[in-house]
Amino acid sequence: MIAMLLLSFLVSGGIAYYDHYEQNERYNVLRFERKEKSIRASMDYFLEQSGGFIPPDSVGIEMNAKLYELSDVHNLFIAIYDLKGDYITSSKTERLDSLRLSHRVNYTILKQLSSGSDRAVIDQSHTLEDYTVAYWYFKDIIGKPIAITCVAYDRSDTESKDVWSFIAELGQSYVLLFLLASIAAYTVSSYISRPIQIIAERLKDIELGKRNEPISWKGRNEIGKLVDEYNRMLSELERSAATLARQERESAWREMARQVAHEIKNPLTPMKLRLQHLERSWKDNPEHFDQKLERFCASMTEQIDTLTRIADEFSHFAKMPRALVARIDLPALAAGVVESFGTESSVTITLRTYLINQPVVLADRDQMVRVFNNLLANAIQAIQPGSVGCVDISIRQCKTYLVVRVQDNGVGIPEHYRPRLFVPNFTTKSTGTGLGLAMVKNIIELSGGHVWFKSREGRGASFYFSLPTAS
Ligand code: ADP
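Residues numbered from 1 in each chain as written. Predicted model: local features only at pLDDT ≥ 70, side-chain atom pairs only at ≥ 80, totals over all residues. Heavy atoms only, no water.

S.K.: How should the overall build of the chain be read in this particular structure?
M.R.: Helix and strand counts for the chain stand at 10 helices and 12 strands. Against the compact-globule benchmark of 23 Å for 471 residues, the chain has a radius of gyration of 57 Å, which places it well outside the compact range. Over its C-alpha atoms, taken along the principal directions, the chain stretches across nearly 185 × 55 × 35 Å. In the chain, which comprises 471 residues, the proportion classed as buried is 37%. Looking at the chain alone, contacts between residues at least 24 apart form 63% of all its contacts between residues at least 6 apart. (Helix = DSSP H or I, 4+ residues; strand = E, 2+ residues; numbered from the N terminus. Rg over C-alpha atoms; globule rule 2.2 N^0.38 Å. Buried < 20%, exposed > 50% of the residue type's maximum accessible area, 1.4 Å probe, protein only. Contact = heavy atoms within 4.5 Å.)

S.K.: Any chance you could explain unusual backbone geometry here in plain terms?
M.R.: A positive phi angle is found at N75, which is not glycine, with a value near 55°. Assignment of secondary structure puts N75 in the loop between α2 (59–74) and β1 (77–81). Even without glycine at this site, K399 takes up a positive phi of about 45°. With relative accessibility at 77%, the residue K399 sits in the exposed group.

S.K.: Explain the packing of aromatic side chains here, please?
M.R.: In this description, an aromatic ring pair is defined by two values, namely the gap between the centres and the angle between the planes. Enumeration according to the criterion identifies 9 aromatic pairs in this entry. Seen from their ring centres, Y81 and Y135 are 6.4 Å apart, and the 55° between their planes marks the pair as tilted. One end of the pair, Y81, is in strand β1; the other, Y135, is in strand β4 (residues 131–139), and 54 residues separate them in sequence. Each member of the pair, Y81 as well as Y135, carries the same accessibility label: buried. Geometrically, the ring pair formed by W282 and F289 is edge-to-face, given 4.9 Å between the ring centres and 65° between the ring planes. By the ring-pair criterion, three or more aromatic residues cluster together here, those being Y81, Y87 and Y135. Here R396 stacks its cationic end above the ring of Y354, 4.3 Å away from the centre of that ring. Taking the ring centre of F422 as reference, the NZ or CZ of K441 above it sits at 5.7 Å. (Phe/Tyr/Trp six-rings, centres within 6.5 Å; stacked < 30°, edge-to-face > 60°. Lys NZ or Arg CZ within 6 Å of the ring centre and 35° of its normal.)

S.K.: How do you make sense of the site of the ligand when you look at a structure like this?
M.R.: Contacts to the ligand come from 19 residues, most closely from N378, T427, T428, K429 and L437. For the ligand, an oxygen atom lies 2.7 Å from a polar atom in the side chain of K429. When the ligand is considered free in solution it has 530 Å² of accessible area, and contact with the protein chains removes 93% of it. Considering each element in turn, the shell around the ligand owes the most residues, 3 residues, to helix α9 (residues 365–382). (Near = heavy atom within 4 Å. Polar contact = N/O pair within 3.5 Å; in protein donor to acceptor, adjacent residues only side chain to side chain. Areas by Shrake-Rupley, 256 points an atom, 1.4 Å probe, with all protein chains shown as cover.)

S.K.: Please explain the side chain of T149 as it appears in this structure.
M.R.: Along the chain, the position of T149 falls in strand β5 (residues 145–154). On the basis of relative accessible area, T149 is assigned to the buried category, the value being 0%. Other than its neighbours up to four places away in sequence, T149 contacts M43, I78, A79, A134, Y135, W136 and F138.

S.K.: It is not clear to me how the nonpolar core should be interpreted in this structure. Could you clarify?
M.R.: Side chains of nonpolar character tend, in soluble globular proteins, to be buried together. Residues L330, M368, F372, F463 and F465 are the most contacted members of the largest nonpolar core, which totals 40 residues. Of all the secondary structure elements, the ones that give two or more residues to this core are α8 (330–344), β8 (360–364), α9, β9 (390–398), β10 (401–408), α10 (436–446), β11 (450–456) and β12 (460–470). In terms of nonpolar packing, the next biggest core, distinct from the first, is built from 19 residues, I54, L70, L76 and W136 among them. (Core = buried A, V, L, I, M, F, W, Y, C linked by side-chain atoms within 4.5 Å.)

S.K.: Got a minute to help me understand the environment of E229 in this structure?
M.R.: Checked against the element boundaries, E229 lands in helix α6 (residues 222–284). Using a relative accessible area of 41% as the deciding quantity, one classes E229 as partly exposed. A distance of 2.5 Å separates a polar atom in the side chain of E229 from a polar atom in the side chain of R232.

S.K.: What's the story with the pattern of salt bridges in this structure? I'm lost.
M.R.: It is possible for side chains of opposite charge to pair when their charged atoms get near one another. As enumerated under the stated definition, the model contains 11 salt bridges in all. Between K66 and E69 there is a salt bridge, with the nearest N and O atoms lying 3.1 Å from each other. Highlighted residues: K66 and E69, both in helix α2, separated by 3 residues, approximately one helical turn. Two residues, R232 and E229, come together in a salt bridge whose shortest N-O distance is 2.5 Å. One end of the pair, R232, and the other, E229, are both in helix α6, 3 residues apart, so they sit about a helical turn from each other. (Salt bridge = Lys/Arg side-chain N within 4 Å of Asp/Glu carboxyl O.)

Next up, the structure:
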């Protein structure tokens, strides 16, 4: 809109300038002709008053005063030449030179006048000299030429209406128009872009699994259609997200149920076998039954313990998302866990810290204990029986993170196990649940950190996790 206004201002300014110029030209030509007529009439009247005749050789003397008068009144240069074209007198001699008029009338002019033309004109208005000169015969009462009168019309004398003031006025009204157009453009563009902005913002804020507000828009124009389309897409998205979440939940529960069944079935088989064996022993050899019962009870207790542990681990795993976030001094917490392990483990566990200040992390205390428990248990279990086990825990403060490393000198992790290590249910141990590392990964990632590991087969493994420090 503004560009179009600017263009129209330039075009109308240009047309106005050209039109003014043309009008000025016409006006000045007519003005000159009017002045010329008036001079002629005044000279004729003067001649009439002087008796109607002036001898050609005394025209200069007779007319001199009149010439001055007329020249002053009309502000024009007037000169008189004799009939042969020679200069006699003029209102201002010096103007003759400044107008570069010759002391003799041009031959063509003389010819034109002698052939009966009432008026002969030299028009220099479009050259550098910029003047117009008109010649005519000054005739006596009976119409006999006495002399040649010449009137020069200098362009510097022209009246010109100032085109620039007109353009300035035009410019003022255009400034007003520019302002109005800017306001209109802003209003229109914000009317169009506001709903689009709202849609863009809402699109940015869309979160699956959360209630997303539809946009209400009354207009039934293109924007209305766009908003309708957005709302339709939103409800479709919410429906699909809900379906997906339900499916995911169902499949997670199915998987969990499958795992629980699998883990419980594992100890049940040996338990059943032992029970059948005990029954047979009771029937076949009741004398040594006491001893067998004792062994059976010990084995049953062990298996029941395993089942309890499995149940515990599953319940821990299920409880995980409900975290009680608090400010935790992680090195102190790690020291506590190490202490509890130290009393019951034959492996040497060391804890080293590299801290800048006293960093705290935002996490659930129980979950953090479980993270250390799992990593330490795994590390201890990885130590080969008979070898000197060393587990080294280091906590390092790196900018806004705490990086914890649990390093052991155990069997290490074979290459082909590595991609599945954090997958729930993956275990290489006969009594393992395969949930420890999956749980560690979940806890750490929910607390805003990362888990990773490095290992050289046969040389041990290092498990790392990082947690952001709280200010
Ligand atoms: P679980 O300990 O019940 O097997 P985890 O999820 O804790 O379940 O561990 C999964 C598997 O990762 C383990 O069975 C073991 O093979 C491997 N693993 C974990 N930690 C270590 C370690 N420090 N060194 C060697 N292997 C490990």
